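# Reading the structure
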Amino acid sequence: MSSTPTRSRCDLHGPSETAFVCQHIARGLFHRERVGFYWTDEDPDDPNPDALCEACEECRIKAGGAWVGSAEKHQRVKTLCAGCDQVAKTFHMGGDPWS
Ligand SMILES: [Zn+2]
Ligand SMILES: [Zn+2]
C-alpha cells in the first residue's frame, strides 16, 4: 500500500482525500475486528475526521491530548481514503457498512 501526504488512490473509491487513523483502526477494518472509533472534535465539520481506536484514544488523553509527537509515533498513523474512513467509522462504531 503506497500513500502520499495529502491525496490517495483507493482501489475501492478511486482518487480521494485522505484521512489519518491509527494502525489499529486500519488493521481492524481489514480483519473486521471492532476497536472503537474516536475522532478529533477540533473541526466538527470535517467530513474525513482523523481517528483513533479506544486504546490509542486513552494514550492520547494520557499524553495530554496531543495528536503529534510521541503519541503519534505510538499510534503509527495510517492513511485511509475518505471513503474507507467512512466505512471504518461505521464499522468501528458498531455498524455494518458491508450489509
Ligand atoms: Zn489504535
Ligand atoms: Zn477507499
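Residues numbered from 1 in each chain as written. Chains lettered and ligands numbered in written order. Predicted model: local features only at pLDDT ≥ 70, side-chain atom pairs only at ≥ 80, totals over all residues. Heavy atoms only, no water.

Time to look at the environment of Ser-8. Position of Ser-8 among the secondary structure elements: in strand E1 (residues 7-10). For the pair Ser-8 and Leu-80, spaced 72 residues apart in sequence, the C-alpha to C-alpha distance is 7.7 Å. Discounting residues that sit within four places of it in the chain, Ser-8 has contacts with Gly-14, Pro-15, Ser-16, Glu-17, Thr-18 and Cys-81. (Helix = DSSP H or I, 4+ residues; strand = E, 2+ residues; numbered from the N terminus. Contact = heavy atoms within 4.5 Å.)

Now for the coordination of the zinc ion (ligand 1). The coordination sphere of the zinc ion (ligand 1), as far as protein atoms go, consists of Cys-22 (SG), His-24 (ND1), Cys-53 (SG) and Cys-56 (SG), spread over 1.9 to 2.4 Å. Bound by four donor atoms, the zinc ion (ligand 1) shows angles of 98 to 114 degrees at the metal and therefore tetrahedral coordination geometry. For the zinc ion (ligand 1), the donor residues sit on a single chain with the sequence spacing C-x1-H-x28-C-x2-C. Comparing Cys-53 with Cys-56, the two get one shared label, buried. (Donors = N, O, S within 2.8 Å, 3.2 Å for Na, K, Ca; no water. Tetrahedral: all angles 85-135°; square planar, octahedral: opposite > 155°, others 65-115°. Buried < 20%, exposed > 50% of the residue type's maximum accessible area, 1.4 Å probe, protein only.)

Treat this as a map of the structure, not an account of what it does.
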